[in-house]
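Architecture and fold: a report
The primary structure of each chain is shown beneath.
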Amino acid sequence: MRIDEIQNEIVEEFSLFEDWMQKYEYIIELGKTIKPIDNKNKVDSNLIKGCQSKLWLHAELKNGKVIYTADSEAIITKGIAAVLLRVFSNQTPVDIINSDVDYIDKIGLKEHLSPTRANGLVSMVKQLKYYALAFSKI
Amino acid sequence: MVLISDMNFDVKKIRSDFPILGRKVNGNDFVYFDNAATSQKPNVVIESISNYYKNYNSNIHRGVHSVSQEATEAYEGARLKIQKHFNVRKSCEIILTSGTTHSINLVAHGFRELLNNQDEIIISGLEHHSNIVPWQMMAEKNGAKIKVIPLKENGQLNMKSFDKLLNKNTKLVFVNHVSNALGTINPIKYIIDKAHKHNAAVLVDGAQASAHFKTDLQELNVDFYTTSAHKLCGPTGIGMLFGKEDWLNKLPPYQGGGEMISDVTFEKTSYAELPQKFEAGTPNVAGAIAFGVALDYLNNIGFENILMYENHLLEYATEKLKKIDGIKIYGQSIDKTSVISFNIDGIHAYDLGSILDKFGIAVRTGQHCAQPIMDFFNIPGTIRVSLAFYNTKEEIDLLFDSLKKGISMLS
């Protein structure tokens, strides 16, 4: 699926929730079920700076597509990371560079992507793009 | 035990003084438990700022015109209120700064020139980042050594270690009156008396203390004391540094500019008398006036009443939160202000803080700018609930219920 198609799918899914509690319960569930990062990649060099909770992001290029894995000590952060990776992982570097994260606003989780929140998600999105940019030059 | 109903304390009336307490957050009544970060402002303080700008805004100390006189009198009047509140001998010993961080930097800058590489300073292990960095910057310049008073498991400073750290080379001891992360009240009178026996000066950061109780600086016999107005219902960007006159005369000026000079030629400038020596440039006139109004407001309620009510709330909240499975409260000193720093087993502070926010409850999560304390407890951070005299038992009940809901969502 293309990035925008997945984003639309997520927006549609979230529109079914009646209140924030259902939404958060879903995010927490996603946080619990996200494919874990390999222990060998849970290293300091993969840590995202500036967060209240530790957040790791790993990226590798496989058959022309970027595969991301992530982990966080905080379950909500991890769940939102899962929502981000569902969109960006397994896409080509060029498609990742040319996409945005407006859908996070649309599903009502904007506050978690605020630079003042210090949860590392803003830095994570930046880092996702840096990886894609680096891979696009290979 | 004194019951709130027995006290001469009408919290409902007090709450009506604070417009922000009536707002909604995420569709819920706003519950503000982040008072150690900054306090909310009563109408009288907010109005004093607009009244200044509407009616007598003018630059101070230099105008011959009437409005400038009025502004100068109000600004200097604020200094007198601060002097009276802290029972300071002379008004020139009160320097109006932009806040505690500014005050500490002012003193640390002065000691940069007064100390050399033989000298030592002692700081407490309970310090806020803003309190550690200026001394490190000072030590980089003059080579003085920084020693740290270690913590005990209950969040108190280890006074036996402090006694051992003091020696003839100790020139300055720096400690906060109350820890921002844990609420521990430090034994500053003991520290001051001991330090003075070794001829060391003492600077106390009162930012977390001033909102909760009154401090008599003459009785304390402290050399420097500082606080920020925004912690005690005043505006941001204004605070005070008290320094004993002899010490303030010894310290070199911190910033150059207008107001702080008495005579300027291109060859040499002589500095103004205290307090102007340390108040370069046009000061925060509106802020100072509002600071004075905030002190009046709190003194009208009475600090004895504030302390008694807050202690009552603290006791109620502590007992209630202890009922939550897996809770660990950090900093269980008997002497503490109305701060509860805690974690729930298996749950990250950020997650719980995010859910409490959805319920309209504002708490602080993270390291509270005090990483060394978090390292001591070997935790990434805590949830900090800091109470003020305008909080209520009902709000604590709401916190308890919301915590339970949050924990069940996250477990």
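Residues numbered from 1 in each chain as written. Chains lettered and ligands numbered in written order. Predicted model: local features only at pLDDT ≥ 70, side-chain atom pairs only at ≥ 80, totals over all residues.

Regarding the domain arrangement of chain B
Residues and elements named next belong to chain B.
- Looking at the assigned domains, one finds that chain B contains domain 1 (4-41 + 303-410) and domain 2 (46-299).
- The C-alpha centroid of domain 2 is placed 28 Å from the C-alpha centroid of domain 1.
- Contact with domain 1, which involves 25 residues of that partner, is made by 28 residues of domain 2.
- Looking at the side of domain 1 that touches domain 2, the elements that each hand over two or more residues are α11 (303-322), β14 (339-344) and α13 (371-377).
- Top element by residues in the side of domain 1 that touches domain 2 is α11. It accounts for four residues.
- Per-class residue counts for the side of domain 1 that touches domain 2 are 11 nonpolar, nine polar and five charged. (Domains from an automatic or database assignment. Contact = placed C-beta atoms within 7 Å. Helix = DSSP H or I, 4+ residues; strand = E, 2+ residues; numbered from the N terminus. Nonpolar A, V, L, I, M, F, W, Y, C, P; charged D, E, K, R; others polar.)

A look at the nonpolar core
Residue and element names in this part refer to chain B.
- Ranked by size, the top nonpolar core spans 141 residues in total, and within it Val173, Val202, Phe242, Ile289 and Ala294 carry the most contacts.
- Taken domain by domain, the makeup of this core includes at least three residues from each of domain 1 (4-41 + 303-410) and domain 2 (46-299).
- Contacts of Val202, omitting those with residues within four sequence positions, involve Val173, Ile191, Ile192, Ala195, Val222 and Asp223. (Core = buried A, V, L, I, M, F, W, Y, C linked by C-beta atoms within 7 Å. Buried ≥ 20, exposed ≤ 12 C-beta atoms within 10 Å, placed from the backbone.)

Re the sheet that holds strand β10 (residues 239-243) of chain B
Residues and elements named next belong to chain B.
- Taking strand neighbours across the sheet as the criterion, the seven strands line up as β4-β10-β9-β8-β7-β5-β6 in an open arrangement whose pairing is mixed. Looking at strand neighbours, the two that pair on one side only are β4 (94-97) and β6 (145-149), the edges of this open sheet. Neighbour to neighbour, the strand axes of the sheet diverge by 20° on average, direction disregarded.
- Sheet topology places strand β5 (residues 120-124) next to strand β7 (residues 170-176); four bridges connect them, and they run parallel. Counterpart to Ile121 in the pairing with β7 is Leu172.
- On top of the sheet, helix α5 (residues 129-142) reaches β5, β6, β7 and β8 (201-205); it is set at about 165° to β5, its chief contact. (Pairing = 2+ DSSP bridges. Axes fitted to C-alpha atoms, helices over the stretch in contact; angles between N-to-C directions.)

A short note on α11 of chain B
Residues and elements named next belong to chain B.
- When the terminal C-alpha atoms of α11 are compared, their 28 Å separation across 20 residues agrees well with the 28 Å that a helix rising 1.5 Å per residue should span.
- Within α11, burial applies to Ile306, Tyr309, Glu310, Leu313, Leu314 and Ala317. Relative to the axis of α11, the buried residues are bounded by an arc of 145° and lie together on one face. Those residues of α11 that are exposed and angled more than 90 degrees off the buried face are Glu304, Glu315, Glu319 and Lys322. (Expected span 1.5 Å × (residues − 1). Arc of directions from axis to C-beta.)

What to know about the packing of helix α2 (residues 43-56) of chain B against helix α10 (residues 285-301) of chain B
Residues and elements named next belong to chain B.
- For the pair α2 and α10, the least separation of the axes is 9 Å and the interaxial angle reads 150°. In terms of their interaxial angle, α2 and α10 are classed as roughly antiparallel. At the point where α2 passes α10, the crossing takes the right-handed sense. Along the contact surface, α2 presents Val44, Val45, Ser48, Ile49, Tyr52 and Tyr53, while α10 presents Val285, Ala286, Ile289, Ala290, Val293, Ala294 and Tyr297. (Parallel < 35°, antiparallel > 145°, perpendicular 65-115°, else oblique. Left-handed = near helix turned anticlockwise from the far one by under 90°.)

A few points about the packing of helix α2 (residues 20-33) of chain A against helix α3 (residues 75-88) of chain A
Residue and element names in this part refer to chain A.
- Interaxial distance between α2 and α3 falls to 7 Å at its minimum, and their mutual angle equals 85°. What the angle tells us is that α2 and α3 run roughly perpendicular. Mapping the contact onto sequence places Ile27, Ile28, Leu30, Gly31 and Lys32 in α2 and Ile75, Ile76, Lys78, Gly79, Ile80, Ala82 and Val83 in α3.
- Tallied by class, the residues present in the contact of α2 with α3 amount to eight nonpolar, two polar and two charged.

Quick word on the interface of chain A and chain B
- At the interface, 12 residues of chain A touch 12 residues of chain B.
- The set of elements that each furnish at least two residues to the side of chain A that touches chain B consists of α2 and α3 of chain A.
- Looking at the side of chain A that touches chain B element by element, the count peaks at four residues for α2 of chain A.

Some points on unusual backbone geometry
- A cis amide bond, omega -5°, links Leu274 of chain B with the succeeding residue Pro275 of chain B.
- A positive phi angle, near 70°, is found at Asn90 of chain A, a position not held by glycine.
- Relative to the assigned elements, Asn90 of chain A resides in the loop between α3 and α4 (93-97).

What to know about the pairing of strand β9 (residues 224-228) of chain B
Residue and element names in this part refer to chain B.
- Of all five residues in β9, five are buried, a share of seventy percent or more.
- Burial of β9 is two-sided: the residues Phe224, Thr226 and Ser228 facing one way and the residues Tyr225 and Thr227 facing the other way are all buried.
- Pairing analysis gives three bridges linking β8 to β9, with the strands arranged parallel. Bridge assignment links Leu203 to a residue of β9, and that residue is Phe224.

Description of helix α3 (residues 66-85) of chain B
Residues and elements named next belong to chain B.
- A rise of 1.5 Å per residue sets the reference length of α3, with its 20 residues, at 28 Å; its end C-alpha atoms lie 28 Å apart and thus fit the reference within 8%.
- Inspection of α3 places Ala71, Ala74, Tyr75, Ala78, Arg79, Lys81, Ile82 and His85 among the buried residues, and these make up the whole buried set. Summarising the axial view, the buried residues of α3 lie within an arc of 160°, below the 170-degree limit, and thus occupy one face. In α3, the exposed positions that point more than 90 degrees away from the buried face belong to Ser66 and Glu73.
- The positive-phi residue at the C-terminal boundary of α3 is Asn87, with phi of around 45°.

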